[in-house]
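# Summary of the model geometry
One letter stands for each residue in the lines below.
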Amino acid sequence: MSEHNIKTINMYNNGGAIEYIKHSEIDPETDKWDRLFKYVENSLKKDKTKIIIEFGSGKGEIAIKLQNAGYDVISSDTVDVFLDEEEKQGIKQIKKYNFLVDNFNEVFDLKADLIISWRNPHLDMDDMKKLFNVVYDALTDNGLFIINFQNAEVHPDAKILPNGTKYEYKILPDKKTKEERFYAYYSKEDIEQLRKDLFDIEEYHNEGGKEAKNWHVLTLKKNRILH
Ligand SMILES: C[S@@+](CC[C@H](N)C(=O)[O-])C[C@H]1O[C@@H](n2cnc3c(N)ncnc32)[C@H](O)[C@@H]1O
C-alpha cells in the first residue's frame, strides 16, 4: 500500500469523509448514480442471482440503489465514518475491508460475480496493480469488474512518479478540509498494461466534464486462462 493511499485514508479519517458525505447531501448527483445503476444492470443483464461487491463504497450510493432493486450487494470500505453512514442508509451487507491490505477470502468467504471500484482516483500504479490482482482472485470464472479512472489526457500538466504514475497533489476548490489529496491519472496505455494479462474488455467509454472525457469507464471480464 503506497504512502499516497495511506495519506488518502488518513485524510478521510480526519474530516474528509464527513465532508464527502455532507457534499453529497448538497449535490446528490442523481443523474450520475442513475447512469451507473443502468450501466451495472446492463453488465449483469439484470440477473439478480449474481453476487456484487463494491470496494471503496464511500457513502454507498450505488450499493443502496442496487439493494433496493433486489440485487445481492455487499458494500465495503476501510473508513469507519463511511461504514457508519452506509449502515445509516440501510445497506444490509457491509464489510470493513482495505483491498490493498486485508485478505479478501478471510473477510468475505465467497467469490463475487461482479466487483465495482468506482471513483477511487487515489491509487498509484502499484496500488492499482495490487487491486487488479485482488479483484482477479476474488471473482468467479467470467466474473466482471467495473472500474473508472481519471483520464490523463485531461491533466497534461500532471507530474510523474518513479513508478510511472501521472499524479497531482491538490486541494479541490469545493473542499474545506485543507489537506492536499493525491489524484492519479491514467492513459489508455496504462490501463492496457494493468488489464492485459488478467481481463478482457467487455465495454469501454469515456464520460464526465465538458468534453465527456474526464473518466475512462470499463467493464472488464476475468480471463479464465492467464495469458
Ligand atoms: C472518492 S471516494 C468514492 C466513494 C464512492 N465510490 C463514490 O463514488 O462516491 C473513494 C473511496 O475509496 C475508499 N478507499 C480508498 N482507499 C481504499 C482502500 N485501500 N481500501 C478500501 N477503501 C479505500 C475511501 O475510503 C473512499 O470511500
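The paragraphs below set out a description of the structure included in this document. (Residues numbered from 1 in each chain as written. Predicted model: local features only at pLDDT ≥ 70, side-chain atom pairs only at ≥ 80, totals over all residues. Heavy atoms only, no water.)

Okay, the overall build of the protein next. A count of helical and extended segments in the protein gives seven helices and 10 strands. Here the protein has a C-alpha radius of gyration of 17 Å; the compact-globule value for 227 residues is 17 Å, and the two agree. For the protein, contacts bridging at least 24 residues in sequence account for 64% of all contacts bridging at least 6. Accessible surface, the protein as shown: approximately 11300 Å² in total, 48% of it carbon and sulfur. If you average the places of the 34 positive and of the 42 negative side-chain charges in the protein, the two averages end up 2 Å apart. (Helix = DSSP H or I, 4+ residues; strand = E, 2+ residues; numbered from the N terminus. Rg over C-alpha atoms; globule rule 2.2 N^0.38 Å. Contact = heavy atoms within 4.5 Å. Areas by Shrake-Rupley, 256 points an atom, 1.4 Å probe, with all protein chains shown as cover. Lys, Arg positive; Asp, Glu negative; His and termini not counted. Charge placed at Lys NZ, Arg CZ, Asp CG, Glu CD.)

What follows covers the pattern of salt bridges. Counted according to the given criterion, the structure contains 15 salt bridges. Where salt bridges share partners, they join Glu29, Lys32 and Arg119 into one cluster. (Salt bridge = Lys/Arg side-chain N within 4 Å of Asp/Glu carboxyl O.)

A word on helix α6 (residues 125–138). If you check α6, its first and last C-alpha atoms are 20 Å apart, about what 14 residues at 1.5 Å a residue would give, namely 20 Å. Met125, Asp127, Met128, Leu131, Phe132, Val134, Val135, Tyr136 and Ala138 are the residues of α6 that are buried. Taking the backbone nitrogen of Asp126 as reference, a side-chain oxygen 3.1 Å away marks Asp124 as the first, capping residue of α6. (Expected span 1.5 Å × (residues − 1). Buried < 20%, exposed > 50% of the residue type's maximum accessible area, 1.4 Å probe, protein only. Polar contact = N/O pair within 3.5 Å; in protein donor to acceptor, adjacent residues only side chain to side chain.)

In the vicinity of the ligand, 21 residues are found, and the nearest of them are Asn5, Tyr20, Asp77, Asn98 and Trp118. Within the backbone of Gly56, a nitrogen or oxygen atom sits 2.9 Å from a nitrogen atom of the ligand. Note that an oxygen atom of the ligand is positioned 3.0 Å from one of the side-chain N or O atoms of Arg119. Contact with the protein chains covers 98% of the free accessible surface of the ligand, which is 590 Å². A per-element tally of the shell around the ligand places helix α1 (residues 3–26) first, with four residues. For the shell around the ligand, the residue count by class is 10 nonpolar, eight polar and three charged. (Near = heavy atom within 4 Å. Nonpolar A, V, L, I, M, F, W, Y, C, P; charged D, E, K, R; others polar.)

A separate point is the sheet that holds strand β10 (residues 215–222). As summarised here, the arrangement of the seven strands in space is β3-β2-β1-β4-β5-β10-β9, forming an open sheet in which the pairing is mixed. The open sheet has two edge strands, β3 (94–96) and β9 (199–207), and neither has a second partner. Direction aside, the axes of adjacent strands within the sheet are offset by 15 degrees on average. Pairing of strand β5 (residues 139–150) with β10, which is carried by seven bridges, proceeds in the antiparallel orientation. The residue bridging Phe145 from the neighbouring strand is Leu220, located in β10. Across the sheet, helix α7 (residues 188–195) touches β5, β9 and β10, and the angle it forms with β9 is around 155 degrees. (Pairing = 2+ DSSP bridges. Axes fitted to C-alpha atoms, helices over the stretch in contact; angles between N-to-C directions.)

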